[in-house]
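If you want the building blocks of each chain, they are given just below.
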Amino acid sequence: MIEKFYVSTAAGQIHGRRVSGPGAPIILLHRTPVSSESFEAVLEILDGRRAAIALDTPGFGGSFRPEGQPSTLAYARWLMDAIDALGIETLYLGAHHTGVHFAVEMAVMAPDRVLGMLLSGIIHAPAEERAKMRADIGKARPIDVDGVYMTDCWRTMKGLFLDPVPALVHAETMGALNAIEGRDQAFDAILDQDFEAVLTKVACPVRVAQATDDPLTLTGMLERVQAQRPDFPIERFGPAFLAAPERQAGAFARALIRLTEDTDATMTDRRYQLNRASAGYNLARVDQTTPLPGPDEVLVHVRAVSINRRDIGVRDLSYPVGGADGFTPLSDAAGEVVAVGANVTEWKPGDRVTSTFFQAWPDGRLTLPAVMSSLGAGGPGVFADHIVLSRHGVIRTPEHLTDEEAACLPCAGVTAWNALMTLGRLQAGDWVLIIGTGGVALFALQIAVAAGARAIVLSSSDEKLDRAKAMGAEVGINYASTANWTEAVKVASRGFGVQHVVELGGAGTLPKSLASLGLNGHLALIGALDGFGGQLDALPMIFSALRVSAVMVGSRADHEALAAFVAEHALHPVIDSIHDFENADAAYARAAGGAFGKVVVRMESQA
């Protein structure tokens, strides 16, 4: 149970919230303009597992109001006074945004007492950049008799979020209204601090955990921290923008628990992570204790994962992602629910589920927060025994599929579905040109055949073309021996051209793919096996009313529609090979070497 309290210091009262648990307490320090209330969801997870105390920053919540222009060092001293008044000798620090800049001062001030720190939301910038940030933030509006400052404050707080949640905007607004002077004082202090200089003096262990869409992640400040302190482990979690403790309470709490774990404890949860090397990333085994689900999350015991072309690109740096050092790779997993967090009613232990590629794209238009919620590309992936996913980030596995088969659906299967059905509006009798015989291509072939369409498959291997024909392709064209394969496609489609192209080649095939389309045809732009880029000639597009759609996998609704279609037609994904967990590098190599269908890793070896 969360207990509210206050302590008296020489400067005045400091208020806070706390929960009981074993070990040295974690002291939580919040961002501007909210109070320790922002940590309530985190405290609920820690309750009984770790002792934790969230302190109001002076000037916020019920704490005393500072005078003048206090420095980050002054805030640190006041907070240490409160910790002393509580009788705490040793402690951990968990800090978010503004709190980060007080925490580092505290760690330097009391190196023998601070056992470690978790930092989230770090302003690591030169003085001129910090000055510009301060000017951009601006000063709080003065109170006026007509209440204009109140509505202006609401608009400002709403504008801070890419996808504002009313309750969160309300909390930010109330925090700002209750601490008008405190807001300005805190911003003045942290943006005047030379964080880089203070960081050089920090001696305790430090972990960094930050939302993928945090403005300070998007502006490259994490990279500055890592360049200065490569010894700091850095992890990214799902979208939260400025409100990680509220919107990613589970991820935040898990990062705190990892900070305080006994390093000699027996680790039971196997996982892989990517470690930066001279040319890309190496795959490294890093075991941890089993994570705990937070509110609106489920814990999944992973039985199988699959490897996509994107995963190969993340490792060899050909896929654009803002840093992947230290994160768990892969996006596609199948397994069973073993625990659920608060508020979860639709899932229960024992349910067989499959991850969705985007954890926050239910349906409709793609948004930036949805993009930031993708698994395995700069944020947390699924290559582990146990993973925590959003309650909305899993779907029920079709009963007739094995876990190995279900693990093939989230990226490749949903991409093919979106390309042909959601965006392409495939009809029975349509001609479909499919480039290649990888995971997406063979899903497209299966969907097209099951829907009554006619498929043409391109490959440089006659053996693979024969296998594609055995799956229902009407025509196979070897592009290595048929230089003018566009003409061959036109001949095969009775001279009219195809209604759909599943374009997986990229720059090298794009012009020919476009030329293969018939009137009102649709090109689904997906892959870059032959390089990103390429040019599209607008003239034939205009006169033939052609459509081109760039496909970014698909939504949860697309995934559910695919699963229903797969169940209705009793389809089984084409699996090229299945590898054991210990042979992960071999699985990656096979996926990069021209697999026919999907490459899967079985998490538990067959007895």
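Described in the following lines is the structure provided in the data block. Sequence positions are assigned chain by chain, starting from 1 and proceeding in written order. The predicted origin of the model limits local features to residues at a pLDDT of at least 70 and limits the giving and counting of side-chain atom pairs to 80 or more, whereas totals for whole chains, interfaces and linings rest on all residues. Side-chain measures were taken over the full set of non-hydrogen atoms in the model, leaving aside hydrogen atoms and water.

1. Details of helix α5 (residues 148-158)
Three exposure classes are used, based on accessible area relative to the maximum for each residue type with a 1.4 Å probe and protein chains only: buried under 20%, partly exposed in between, and exposed over 50%. Secondary structure elements are defined from DSSP: runs of H or I of at least 4 residues count as helices, runs of E of at least 2 residues count as strands, and each element is numbered from the N terminus. All of the buried residues in α5 are Tyr-149, Cys-153 and Met-157. Take α5 and look down its axis: the buried residues cluster within an arc of 70 degrees, on one side only. Contacts: residue pairs with any heavy atoms within 4.5 Å of one another. Buried residues in α5 make contact with α6 (166-178) and α7 (180-192). Of all possible arcs, the one meant is that of the directions from the helix axis to the C-beta atoms.

2. Considering the sheet that holds strand β19 (residues 498-503)
Read from one edge to the other, the open sheet built from six strands follows the order β18-β17-β16-β19-β20-β21, with strand pairing classed as parallel. Pairing within the sheet leaves two strands with one partner each, and these edge strands are β18 (475-478) and β21 (547-550). On average, adjacent strands in this sheet sit at an angle of 15 degrees to one another, irrespective of strand direction. Strand pairing is assigned whenever DSSP identifies at least 2 bridges connecting the two strands. Where β19 and strand β20 (residues 517-525) come together, five bridges link them in parallel fashion. Interaxial angles span 0 to 180 degrees and are taken between N-to-C directions of axes, which are lines fitted to C-alpha atoms, for helices over the stretch in contact.

3. Digging into the sheet that holds strand β8 (residues 234-237)
The mixed open sheet is built from eight strands, whose spatial order is β1-β2-β4-β3-β5-β6-β7-β8. Both edges of this open sheet fall to β1 (3-8) and β8, since each of them pairs with a single strand only. Here the strands of the sheet are splayed against their neighbours by 25 degrees on average, with no regard to which way each runs. When strand β7 (residues 206-211) meets β8, the two strands line up parallel, connected through four bridges. Residue pairing for β8: Ala-209 is matched across the bridge by Glu-235.

4. Overview of the packing of aromatic side chains
Planes of paired rings set the category: under 30 degrees apart is stacked, over 60 is edge-to-face and the rest tilted, where pairs are Phe, Tyr or Trp rings (Trp by its six-membered ring) whose centres lie within 6.5 Å. Applying the stated rule across the entire model yields eleven aromatic pairs. Centre to centre, the rings of Phe-161 and Phe-241 are 6.5 Å apart; their planes meet at 55 degrees, and the pair counts as tilted. Placement of the pair is Phe-161 in the loop between α5 and α6 and Phe-241 in the loop between β8 and α11 (244-247), with a sequence separation of 80 residues. Assessed through its relative accessible area of 11%, Phe-241 is described here as buried. One aromatic cluster is present, built from ring pairs that chain together Phe-64, Tyr-75, Trp-78 and Phe-102. Charges are assigned to positions over rings by a cutoff of 6 Å between ring centre and Lys NZ or Arg CZ, combined with an angular limit of 35 degrees from the ring normal. Taking NZ or CZ as reference, Arg-18 lies 4.4 Å from the ring centre of Phe-5, over its face. Taking the ring centre of Phe-581 as reference, the NZ or CZ of Arg-270 above it sits at 4.1 Å.

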